[in-house]
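# Structure at a glance
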Amino acid sequence: MVTIGWRTRRLAQAAFTVWAVITISFVLIRLMPGNAMGAMMVSFEQQGMSPARARELVELRLSVDPNKPIPVAYVEYIASTLRGDLGTSMAQGEPVAELLAAALPWTLFVLSWSIFISFFIGISVGALMAYWEGGKLDVGLTSWAILMGSIPFYVLAILLLIFASYRWGLFPSGGRQPTGVPQGFNVTYVRGILYHAALPVFSMLVASGVASLGMRGNSIRVLGADYLRVARLRGLSDYTISTQYVARNAVLPMYTTLLISIGEMFGGSIVLEYVFNYRGLGLLLFEAYNQRDYALMMGGFVLITVAVVTTLFIADMTYSWVDPRAGGQDSESY
Amino acid sequence: MTTSQSTYLDDPTANDPVMEIRNATVRFGMERGESRVLDDVSIDLERNEIFGVVGESGSGKSMLASALLDAVVEPGVLDGSITYRPQSGEPVDVLELNKNELRQFRWEEVAMVFQGAMSSFNPVRKIDTHFIETLTSHDYDVDEGMERARQLISDLYMDPERVLDSYPHELSGGMKQRTLIALSLILEPDVLVMDEPTAALDLLMQRSIVSLIEEIKEEYDLTILFITHDLPLVADLADRIAVMYAFEFIELGPTAEILQHASHPYTRLLLKSTPNLASPIEAMRPIEGSAPDPVNVPSGCSFHLRCPLADEQCVDVDPRAYPVGDGGDHVANCHYWEDAPETIPMTEEWDVEGIDAIDSAPGPSRADGPLVSLEDVEVHFEKEGGFLDFFSDPDTVQAVDGISLDIYENDVVVLVGESGCGKTTFGKTAVGLQEPTAGSVKYKGQDIWDLKRTGGDGSMSFDAVRRALQIVHQDPGSALNAHRRVGTSLEVPLKRWNPELDGNDRKSRIVSLLEHVGMAPAEDYIDRYPHQLSGGEQQRVALIRAMLMNPDLILADEPVSALDVSLRVEMMDLMIELQEQFDTSYLFVSHDLSNARYIAEKTGGRIGVVYLGELVEIGRPEEIIHDPQHPYTQALRWATPELDFEGGGMGGESPVRNIDVPDPTNPPSGCRYHTRCPEAREVCTTEHPEPREASAADFHEAACFRTDERHEYWQSPSITDD
């Protein structure tokens, strides 16, 4: 009986997901109601192009040749996707890959800050709640966490927009960078960027609610563990116990939650960036959708999927490094 | 509760107590009332003695351990006084220490080893960190301390470098427990409190650790308080034994005195209820009733509800400590201590009955051929490597390696062996829960895995096989669905297999079964959830559930090891009774030879001894117990604690050369036992012994060259060093 290592299996799973997504995007371009390619051809022909010229353009923009047999077209589509050639945007006339590459850093910037801050808050608050389990602070913070967990982030986004921006004018209501400031690594520009990113980041802090509840549960479990009792009897300092014993063990399960939430946040960025008119990946995709810019939509679709699959793969691979017990399936009970 | 006091101050040998406990009481305020989980206990712990404390679970013995370190968990309140007298220097009043002094006192003067060694280490830090952080928080010199740690670990027969560089989960249970002992001694304490330090381990490891404790005690000049529920285990080790019942001591004395002249009825009943190898099985009797609730301890003598000697005086007056015998060092809290030995004799009129019972044991009917037949079964698991050996071949764990066994109708086979030797895997293979990687498993002549894949010849369905082969798990708590009432859980097999029964019939059948196993009133039990049952009751429900399938063979995986000693005999009796009633066969898995003997002897079954995936000896219990041929069986026999009523421990040198079982991914060549066998000779390292007839008795086979008088083994040079 030959079994393959779980890492190899996991890698194969990731590769399969990526392949499936590329395939789906190919099928969608071909079969989308209203026939995306046909529509493009027609629109070019209406602009007075010859059918041959129109086909050439479509082929260039979608990396799909409408006249080739489907299997050949499929293989070529996959090959060009893997090379990073995602076609050309119909609306903007630029290569999709370049458009995505220009927008991605802004989204990543907002996302990484929201994840970092919300998990930092979530874990600290959760630890506090566990420490004073059953006390007033615990009850108060739990209600807060449940409230945060139940508000959709875009509702918070609109509330923030109304109050922090329009009413009080604390933050800009949209955009991603200050106007009239030279781009580059200077204080005003960096401050402006942070200033513009603040409200989107705050809106995503709803994630801290769920995180803090998770952390609270984990910590309470760890606080009751035998090794904590032994550690106290051994006379270890409170600092060692709280950092090396409680925190370390309670945070471990949060690692997976964190990486999964990255995927959710990518999806959420479409709405978020639209609300704040923040020119990142999300807004780009939203506009592509409005303009029926299929090449751009599919490119973004593939990019987000690959990003999420990669994060989850990294999470799985590094978990055994974070937690020494998770060395694959343990065969302790033979 | 009256003002009871168990004071043992007039002990003449009490000249140098290292700890004096006076009127220690632990209270918990609960909604139902105040609960006293330690009731006015006074005791002196003599310097350099091993003091054994024995009691059932819930008798307050762990609370005593916590009290010694002033570590009673909130919201418990500890009153009384605890004085620690160091070798030199002033006596210390432990309960008066401030936070910092207490931190120093714990582990530097008095250290503790818990039962849960599995969970006593921080799972994400290596073992050496545990030693280092302990040393640094007590301002000890780390280099010197780690030197001591290495010495301690090798004194406990482990490789210091390997252990220190491991994560806790990488060590076996026995190694973790020994590492915890080393960790408890790292700051050179005078007193070591051990709270059930071996309960989670199998017998051979328990015995090995107990003999190590004796060595360690001598070498490091320790006083040890050893707490356990297992009287025979501590009998071999302790200088004095105290028996706890209902949160106080009820009898105390030198070990030999307690064993020979136990004077409290509870002690006597406890001794009788303990399965062992020496006394006849008919003499083993469970204690009726259950331990009292801490909120509502009976007035007068707390044992009077369960005591055969109790009268009005016991209900009204809490007995003081009566001195027993002339020595003055043996006391019992019983008004009728003089009458107890007569009323509760240790050996009953068993001779006639005993022989009768063994003769009438049903025994298997071999005429119809085997019910389940396993031939040359192998189960190999592949083990994952680390991240770095991504591409290397995975290691193979040979959990079961070529075992053949026939189980007949109404047969009982008990598999014994250490943990990790493959007995459970083999058991699961026998009931079709684990597919063997080689060999065949046949049910009534039909290969069950063929049947599953191809559907067989139509004479039998895999579903029918599945139903005929059932399992009862070790931990009844997790085997029952926590969100289902007892009645609902039990209805499922009836609905599936007896669709002709309507709701009322099902209910009446379940009620009668529950009553039959002693769970009355059954109407009340039907509506309970598993967590509202005791461990013994849960196990009964799990057993009934398996029985309702009307199976031919039940695999019972350590069905009694989760239960208190005093409940085990009762549970085993019940299982035997149900076997006769339901006409099934059992395959028991146990690490305890005395339980194995009890079941096999009462049912006329066989005991099979498993070592590293091989069946090394099988036979009737009489042969396995009294005439073991394989050295491993002899080691298990040694490891089974004996109650020696005649005095003097059985003790003896450990018959194993290595405490730990070899790595099953790389089992030794030749005879797998040769690395630990005291009789190993050179031929054992290369040649593999096949099972052969071991004695004149029926069905007795052993896989050892020593059973063959003409084997070249006898000419081969010995490989044991000592």
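Our subject is the structure listed above.
Everything in this summary refers to the structure shown in the same document. Quantities reported herein were computed from a predicted structural model and do not represent experimental measurements.

Residue and element names in this part refer to chain B. In this structure, E188 is a non-glycine residue whose phi angle is positive, near 50°. By secondary structure assignment, the location of E188 is in the loop between α6 (173–184) and β7 (191–195). Of note, D376 is a non-glycine position whose phi angle comes to about 50°, a positive value. Relative to the assigned elements, D376 resides in strand β13 (residues 372–383).

Moving on, we come to the sheet that holds strand β2 (residues 33–46) of chain B. Residues and elements named next belong to chain B. If you trace the 4 strands from one edge of the open sheet to the other, you get β2-β1-β4-β5, paired in antiparallel fashion. Of all strands in the sheet, those with a lone pairing partner are β2 and β5 (92–93), marking the two edges. Sheet topology places strand β1 (residues 17–30) next to β2; 10 bridges connect them, and they run antiparallel. Considered in β2, the bridge of E20 is made with D44. Helix α1 (residues 61–68) contacts β1, β2 and β4 (77–84) of the sheet and is inclined by roughly 65° relative to β2.

We now examine the sheet that holds β7 of chain B. Residue and element names in this part refer to chain B. The 8 strands are arranged β6-β7-β8-β3-β9-β10-β12-β11 in an open sheet whose pairing can be described as mixed. The sheet terminates laterally at β6 (110–113) and β11 (322–323), the two strands that pair on one side only. The pairing of strand β10 (residues 248–254) with strand β12 (residues 331–332) spans 2 bridges and is classified as antiparallel. Of the residues in β12, the one forming a bridge with L252 is V331.

Moving on, we come to the pattern of salt bridges. Applying the stated rule across the entire model yields 35 salt bridges over all chains. A salt bridge links D44 of chain B to R22 of chain B; the shortest N-O distance between them is 2.9 Å. A residue pair is termed long-range when its members are at least 10 positions apart, and D44 of chain B in strand β2 and R22 of chain B in strand β1 qualify at 22 residues. D463 of chain B is the salt-bridge partner of R496 of chain B, the closest N and O atoms lying 3.6 Å from each other. Highlighted residues: R496 of chain B in helix α18 (residues 486–497) and D463 of chain B in helix α16 (residues 462–468), separated in sequence by 33 residues. What emerges from the salt-bridge pattern is a single network uniting R234 of chain A together with R125 and E133 of chain B.

All names here are of chain B. Counting 117 residues, the largest nonpolar core has M19, L38, F131, V193 and F226 as its most contacted members. Beyond its immediate stretch of four places on either side in the chain, F226 contacts F51, G52, V53, M194, P197, V210, I213, L233, V234 and L237. Core analysis: the second largest hydrophobic core is formed by 70 residues, L203, M284, V416 and L480 among them.

So, how was this worked out
- Residues numbered from 1 in each chain as written.
- Chains lettered and ligands numbered in written order.
- Predicted model: local features only at pLDDT ≥ 70, side-chain atom pairs only at ≥ 80, totals over all residues.
- Heavy atoms only, no water.
- Helix = DSSP H or I, 4+ residues; strand = E, 2+ residues; numbered from the N terminus.
- Pairing = 2+ DSSP bridges.
- Contact = heavy atoms within 4.5 Å.
- Axes fitted to C-alpha atoms, helices over the stretch in contact; angles between N-to-C directions.
- Salt bridge = Lys/Arg side-chain N within 4 Å of Asp/Glu carboxyl O.
- Core = buried A, V, L, I, M, F, W, Y, C linked by side-chain atoms within 4.5 Å.
- Buried < 20%, exposed > 50% of the residue type's maximum accessible area, 1.4 Å probe, protein only.

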